[in-house]
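So the chains spell out like this:
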Amino acid sequence: MPITIHQFPCLQDNYGFLVRDQASGLVATIDTPDADAITAAAQAQGWGIDLVLNTHWHPDHAGGNALIKERFGAQVIAPEEVRAHFPVDRIVGDGDHVDLGETRFSVIDTGGHTLGHICYYDAADSVAF
């Protein structure tokens, strides 16, 4: 079953992404650049947030982890490097998988922007974050 992607502006020149598995209704935020903007976008869609999928440790990508976890009870999933800076519930790395309802994301090591940077790839929908 496909996903719905909701993109919205946040901070000065960033975008946030909410991803909803259509079969289960579960929602993930890709990174947490601005907890207030993410909360407003989720509420505008009538969605909760079940997962945080961090790509790397920078504050404009993981700085809202604690607030999103507090507000929605979301599980925070991230590469190891995030743990030193922000709350994380589950560490993932290259070759791991993360399920959002019926949607499966493969974790891909894409170190370069930061040493531990990762991407989440949904093969069924041909999309990577």
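Residues numbered from 1 in each chain as written. Predicted model: local features only at pLDDT ≥ 70, side-chain atom pairs only at ≥ 80, totals over all residues. Heavy atoms only, no water.

Engineer: Account for the pattern of salt bridges, naming residues and giving values.
Structural biologist: This model, assessed by the stated rule, comprises 4 salt bridges. As a salt-bridge pair, Asp-36 and Arg-71 come within 2.8 Å of each other at their nearest N and O atoms. Here Arg-71 lies in helix H3 (residues 65–72) and Asp-36 lies in helix H1 (residues 35–45), a separation of 35 residues in the sequence. Among the residues examined, Arg-71 registers a relative accessible area of 37% and is labelled partly exposed. Between Arg-83 and Glu-80 there is a salt bridge whose closest N-O contact spans 3.1 Å. For Arg-83, a relative accessible area of 48% corresponds to the partly exposed category. (Salt bridge = Lys/Arg side-chain N within 4 Å of Asp/Glu carboxyl O. Helix = DSSP H or I, 4+ residues; strand = E, 2+ residues; numbered from the N terminus. Buried < 20%, exposed > 50% of the residue type's maximum accessible area, 1.4 Å probe, protein only.)

Engineer: Can you lay out the sheet that holds strand E8 (residues 103–109) for me, pointing to particular residues and giving the numbers?
Structural biologist: If you walk across this open sheet you meet the 4 strands as E7-E8-E9-E10, and the pairing is antiparallel. Taken across any chain shown, the strands that pair with only one partner, and hence form the sheet edges, are strand E7 (97–100) and strand E10 (127–128). (Pairing = 2+ DSSP bridges.)

Engineer: Please provide a residue-by-residue account of the side chain of Glu-81, values included.
Structural biologist: Checked against the element boundaries, Glu-81 lands in the loop between strand E5 (75–78) and strand E6 (90–91). The charged side chain of Glu-81 is buried without a salt bridge, its nearest counter-charge being Arg-83 at 12 Å. (Lys, Arg positive; Asp, Glu negative; His and termini not counted.)

Engineer: Please provide a residue-by-residue account of unusual backbone geometry, values included.
Structural biologist: The phi torsion at Asp-31 lies on the positive side, around 65°, for a residue other than glycine. Within the element layout of this structure, Asp-31 appears in the loop between strand E3 (27–30) and H1. Overall, Asp-31 belongs to the buried group, its relative accessible area being 5%. Backbone geometry at Ser-126 places phi at a positive 50°, although glycine is not the residue there.

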